[in-house]
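Structural characterization, general
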Amino acid sequence: MAGALVLVGGEAGIGKTRLLDEFGARADQARVVRGGCVEGVAYAPWTDALWWLLGAADPIPLEALPEVVRGQLARLLPQLGPQAPSDEAEEAGQHLLFEAVVELLRYVATRTKLVLLIDDVHWIDPASRELLRYVAANLRRAPALLVVAYRPEDSASERALLAQLGRLGRHRITLQPLPGDAAEEMAALLLGEDARPADIQRIAQDADGNPLYVEELVAALDEERVPETVRDLMLVRFDSLDAGARHLVRTAALIGPRASRGWLAGATGLDSDQAQIAARAATDIGVLLVDVDIDGYAFRHALLRQAVLDDIVPDERVALHRSIAQSLTDHPERAMSIDYIGELARHWDASADAGPALRWLVAAAQQAEERYAFDAASDAYERALFWWDAVATPAEFVDVDHVDVLLAAGEAAGTAGLVERAADLGRAALEEACASDDPKRGVDVAGRVFPLMWTADRATELFDFAALHLVPSLDQVDPHARAQFLVSNVEHLIGRESLPETRAAADRMIAAVAEIDDPALESRAHMVEARYHEVVGEYALADTAYLEAAEIARRGGAHSALALALYNRAAFNQSIPNLHATLTILDEVDELVETYGLKRYAVPARCVRALATCQTGGLEEAARVVTLLDGLPAEGYEAWFRAVVRALLERARGGYDKTITALDAESVGNPEPTDFEVAIQLAALRADAYAWKGDINAARSAADMGSATVARYTETYAHSWLALAATRIEADAAAVAQSTRQLDALELAQARAEATVAVWHQAVAQELVPHPMVLAYTRGIEGELARLKNENAVETARAAAEAFNAISMPYEETYFRWREAQAALDADDVGAGTALLKQARARARQFGFAGLESAIATLARTHQLRLGTERTTVDGDEPLSLRELEVLRLMVDGKSNPDIAEILSVSRHTARSHVSNILRKLDASSRAEAVSTAHRRGVV
């Protein structure tokens, strides 16, 4: 039996909490546990809820759980005993922690009815969000009822989470405001038999259908003034308390939605009798409620707590946080059902007491890293850095130095996807390390900083600095620091220096890595070696090196290194291209990102996926992936890579203005890319878009910018894009010059094209074994040059089309079919030209290349040709597209959806969608019926 998920949404005060309370109270013979989200505290709802399964009254027996589960759960609830060893956690990662929670829920839910209520999800922290996703996705294994409550008006940042839960959930309940008559009825019941009709109507009108407002307005009816805002409304009762009770309530508000009695009383500084009197006054008037689950108190409404928080002045807030923190520090036993370290970090930070704040913020950051909550770790490290200079002797509070904290903060920020901030922190750490008298420290830090700087597209900045401060010290440092620096240095040199110099540096790198034992660094060195083989055209060696890098990381349990190795191998396969392999590898990358919280790979992996599907003509799938990119932060290299993908998709669709807009959008507030491949691709796409728009001057300007970058680097992948675009521009310019008889313009176009082709052939000559993609682009460049010179234009265009067809790049194939048709028509071969135009139009329609289809139609009109229809109808019903006919033929051959995806180089989702459309259009309930119908009607 599987579990179920229910979403409960509604505005503040609408009755979500009351509904959950009533449901929990009425759940027959069920165990009901509840967790509420707290702003800024990692795993708050889970430590809250799990405590009542493991540590409260009537706990489940811990010995019933496997030791590995107990050890992982101790990460959230240290009171349970020893945690799993840190080295084990590094190997097992976030997945083990999440699996332990699911296993606990499964254990309980298979023995009794289990209801798990997660409240206030609009305040959820990133770590709790990921765990909630994981539990929700695994309810088939844990037959519990999971109820999630949230406020839609405060949930803009959690839209993606709620959408995913909505897909997984069985029910969604949205609480609506009460209609006018129901609000009046509620007010009348609360006011009693002696209520005046005028009061009832006024309350119902002011409440606007919100049950909480009705309740509070009724309660405030006899007060001296009627609240004018929600805040004032919430503070009416609070203001009626004496000073001691108000002090207790303010302290409780800063602790959170719930506060245990011991912690709260100690934090107030009131003696036992005073605290008891204050608590009694607050509960009697209904500001606080007794919460027997935690032996303490909870706020009657979330808005009431917020109103109290807003009423606390800054100086009082600081003093209260200090008292709360001191109480918890002096009495750790008061930390029942809370995150002890996280709460101490929060309250000492807010108390502005620099020393304790530094101590507990660093501890909270390290704990968050162990839990793979990298967003929380980044935030905590940032606050620790804020307090560092305010502490006279930091060593009294932490056992790390400032460089360590800068590095840790940078790495946490990078893993959380904050690329630019990670680079800034890394650069600061490097400068501080180099200012010390220890040469080893600078080299060691440089090796760790390089990935942060590279991801932000700032590696050149790093090595300009390193040349002055680090290289002279390499012989003075230990083998590990030297090897780490050399790996980064070679990665930087590839494509920027001569091949002999790079090869010599690579040999030195491999020798240095062989002297140490570091799987992550060894894996990275093999990735760099693979990149070198890729640049010189040794593609088989490159793939072998990428495979070896992945295997080393996998054996060593280095998850981040494994994700990086797989990502680079996927990108390599996309560039050669082997698109099906690319998508398969990226599936494993996505799994690693999800399992271990490796957000730094989310954007580049999706960019490569979109690029691969776009190149194979899967524009619908590419658009879906690009949409997913919109919800992810992207800076530096990743922002420009995303721009390349968006522009390529728009170019394929024929949206040339949108292509340029996609490129311009990333230029706002973003420095120009220093990554040479991305810089060249951007220039090529911009030049090609302007060429399609007929703006030769703008196209040439963009191409020249790309050519300036090509002159400084050695590579062919991005260069191929630019060389083809630049040659095409000059062929277009020559066509205009010939039609207007401008000899000077024609000579200029020929000279520019020949210069472009010469540089391209020089680059190709450096590759030991040119790959089919390089050869295809060479055929394309030759085809455009032949069009310019009007020499063998038909034959060269055909050769280019066939070369691109051989490597499954339909956009370029279709483009050259169009050019082949154009050349045939220019040679007065109308029959061949017409047939070629029909073929080109069919391909353009099949893949959705609207710009190419428009160009083909224009050429046909120019030559007064009728191309006819190219769609196949089914007995007059909705037509099958050419792609659907292709899928149908594969179905006839008995191919499964995965087979179809592999053959057509599309995702399984896309293949499944095509099959579903075919079944619908053929009015068939199964694949077999669809095949039979297609045969009977002569469709195939």
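Here goes a summary of the coordinates provided. The residue count restarts for each chain, going from 1 along the sequence in the order it is written. Where totals are concerned, whole chains, interfaces and linings use all residues; where local detail is concerned, this predicted model gives features only for residues with pLDDT of at least 70, and gives and counts side-chain atom pairs only at 80 or more. Side-chain measures were taken over the full set of non-hydrogen atoms in the model, leaving aside hydrogen atoms and water.

The next point concerns the overall build of the protein chain. Under the scheme used here, helices are H or I runs from DSSP no shorter than 4 residues and strands are E runs no shorter than 2 residues, and both carry numbers assigned from the N terminus. Regarding its fold elements, the protein chain presents 46 helices and 8 strands. Taken over C-alpha atoms, the radius of gyration comes to 33 Å for the protein chain, in line with the 30 Å a tight globule of 940 residues would show. Overall, the C-alpha framework of the protein chain stretches about 105 × 80 × 55 Å when taken along its three principal axes. Looking at the 940 residues of the protein chain, the share that counts as buried comes to 56%. Within the protein chain, contacts between residues separated by at least 24 positions form 68% of all contacts whose residues are at least 6 apart in sequence. Computed over 93 positive and 142 negative side-chain charges, the separation of the two mean positions in the protein chain equals 6 Å. It is over C-alpha atoms that the radius of gyration is taken, and the globule rule equals 2.2 Å times the number of residues to the power 0.38. Partly exposed describes any residue whose relative accessible area lies between the buried limit of under 20% and the exposed limit of over 50%, with all areas from a 1.4 Å probe on protein chains only and scaled to the type maximum. It only takes one pair of heavy atoms within 4.5 Å for two residues to be counted as in contact. Neither His nor the chain ends contribute to the count of charged residues, in which Lys and Arg are positive and Asp and Glu negative. By convention, charge coordinates are those of NZ in Lys, CZ in Arg, CG in Asp, or CD in Glu.

Positionally, V236 belongs in helix α11 (residues 230–239). Taking the C-alpha atoms as reference, V236 lies 39 Å from A377; in sequence the two are 141 residues apart.

What follows deals with the pattern of salt bridges. Salt bridges, as used here, are contacts in which a Lys or Arg side-chain nitrogen is within 4 Å of a carboxyl oxygen on Asp or Glu. For the structure shown, the criterion picks out 59 salt bridges. With a closest N to O distance of 3.3 Å, R371 and D339 form a salt bridge. On the criterion of sequence distance, the pair formed by R371 in the loop between α18 (354–370) and α19 (374–388) and D339 in the loop between α16 (314–330) and α17 (340–350) is long-range, its members being 32 residues apart. In this pair, the class of R371 matches that of D339, namely buried. D587 is the salt-bridge partner of R609, the closest N and O atoms lying 2.9 Å from each other. Taken as a pair, R609 in helix α30 (residues 602–615) and D587 in helix α29 (residues 579–596) lie far apart in primary sequence, 22 residues in all.

Inspection of helix α13 (residues 261–268) places W263, L264, A267 and T268 among the buried residues, and these make up the whole buried set. End-on view of α13: buried residues confined to an arc of 125°, all on one side of the axis. Looking at the buried side of α13, the elements it contacts are α12 (243–255), β6 (258–260), β8 (296–299), α16 and α17. Downstream of α13 by a residue or two, G269 has a phi angle that is positive, lying close to 80°. Relevant arc is that of directions from the helix axis to the C-beta atoms, nothing else.

In this fold, H533 is placed in helix α26 (residues 519–536). Within the structure, H533 has its side chain in polar contact with the side chain of E538 (distance 2.6 Å). Setting aside residues no more than four positions away along its own chain, H533 makes contact with R503, E538, Y539, L541 and A542. For this analysis, a polar contact is any N or O atom pair within 3.5 Å, provided that within protein one partner can donate a hydrogen and the other can accept it, and provided that sequence-adjacent residues contribute only side-chain to side-chain pairs.

To describe two helices that pack against each other, one gives the angle between their axes and the distance between the axes. For the pair helix α31 (residues 619–629) and helix α32 (residues 636–653), interaxial distance at closest approach is 11 Å and the crossing angle is 150°. The interaxial crossing formed by α31 with α32 has left-handed handedness. From α31, L619, A622, A623, V626 and L629 reach across to α32, where they touch R642, V645, R646, L649, A652 and R653. Here the residues of the contact of α31 with α32 sort into 8 nonpolar, no polar and 3 charged. The axes are straight lines fitted to the C-alpha atoms, using for helices just the contacting stretch, and the angles between their N-to-C directions are given from 0 to 180°. Note on convention: the crossing is left-handed when the near helix lies turned anticlockwise from the far helix by less than a right angle, right-handed when the turn is clockwise. Under the scheme applied here, ten amino acids are nonpolar (Ala, Val, Leu, Ile, Met, Phe, Trp, Tyr, Cys and Pro), four are charged (Asp, Glu, Lys and Arg), and all others, including Gly, are polar.

The pairing test for Phe, Tyr and Trp rings, Trp by its six-membered ring, is centres within 6.5 Å, and the orientation test on the planes gives stacked under 30 degrees, edge-to-face over 60, and tilted for anything in between. Under the definition given, this model contains 15 aromatic pairs. Both rings, one in Y546 and one in F572, keep their centres 5.5 Å apart while their planes meet at 40°; by these two values the pair is tilted. Placement of the pair is Y546 in helix α27 (residues 539–555) and F572 in helix α28 (residues 559–575), with a sequence separation of 26 residues. Accessibility expressed as a relative area gives 2% for F572, which makes it buried. When the centroid spacing of 5.5 Å and the interplanar angle of 75° are considered together, the rings of Y815 and W818 count as edge-to-face. Taken together, the residues span about one helical turn, with Y815 and W818 both in helix α40 (residues 810–826) at a distance of 3 residues. By the burial criterion, Y815 is buried, and W818 matches it.

Cis geometry marks the peptide bond from I576 to P577; its omega dihedral reads -20°. Here P577 is to be found in the loop between α28 and α29. Backbone geometry at Y43 places phi at a positive 65°, although glycine is not the residue there. As for its position among the elements, Y43 is in the loop between β2 (30–36) and α2 (44–54). Here the phi dihedral of D120 falls at roughly 55°; this positive angle occurs in a residue that is not glycine. Following the sequence through the fold, D120 ends up in the loop between β3 (113–119) and α6 (126–137).

This part takes up the packing of helix α35 (residues 696–710) against helix α37 (residues 743–765). Viewed as axis vectors pointing N to C, α35 and α37 meet at an angle of 30°, and their least axial separation amounts to 12 Å. Viewed along their axes, α35 and α37 adopt a mutual orientation that is roughly parallel. Classified by chirality, the crossing of α37 by α35 is left-handed. Across the interface between the two elements, R700, D704 and V710 of α35 pack against L748, A749, R752 and V759 of α37. Should an angle fall under 35 degrees it is taken as roughly parallel, and over 145 as roughly antiparallel, whereas 65 to 115 is taken as roughly perpendicular and any remaining angle as oblique.

Right, let's talk about the sheet that holds β6 for a bit. The 3 strands lie next to each other as β6-β8-β7, forming an open sheet whose pairing is antiparallel. Looking at which strands have only one partner, the edges of the open sheet turn out to be β6 and β7 (288–291). Looking at each pair of strands side by side, their axes are set apart by 30° on average, direction ignored. Relative to β8, β6 runs antiparallel, the two being bridged by 3 bridges. Bridge pairing in β8 places S260 opposite G296. Its contacts with the sheet place α13 against β6 and β8, and it is angled at close to 85° to β6. Lying on the sheet, helix α14 (residues 272–284) is in contact with β7 and β8; it crosses β7 at an angle near 110°. At least two DSSP bridges between two strands are needed for those strands to be called paired.

Buried Ala, Val, Leu, Ile, Met, Phe, Trp, Tyr and Cys residues that are joined via side-chain atoms within 4.5 Å together make up what is termed a nonpolar core. Judged by nonpolar contacts, the single largest core of 132 residues is most densely connected at Y43, W46 and L146. The contacts of L146, once residues within four sequence positions are left out, are A4, L5, V6, L116, I118, L132, V135, A136 and L139. Counting residues in hydrophobic clusters, the runner-up holds 128 residues, among them L724, V764, A823 and L859.

Two cysteine sulfurs form a disulfide in these notes if their separation is within 2.5 Å. In total, this model carries 0 disulfides according to the counting rule given. With no disulfide of its own, C607 lies 12 Å from the sulfur of C614, the closest cysteine sulfur. Exposure remark for C607: the relative accessible area of 0% places this residue in the buried category. With relative accessibility at 6%, the residue C614 sits in the buried group.

Here the focus is the sheet that holds β3. Read from one edge to the other, the open sheet built from 5 strands follows the order β2-β3-β4-β1-β5, with strand pairing classed as parallel. The open sheet has two edge strands, β2 and β5 (171–174), and neither has a second partner. This sheet shows a mean twist of 15° between the axes of neighbouring strands, independent of strand direction. In this sheet, strand β4 (residues 145–150) lies alongside strand β1 (residues 4–9) in parallel orientation, the contact comprising 6 bridges. If you follow G9 over to β4, its bridge partner there is Y150.

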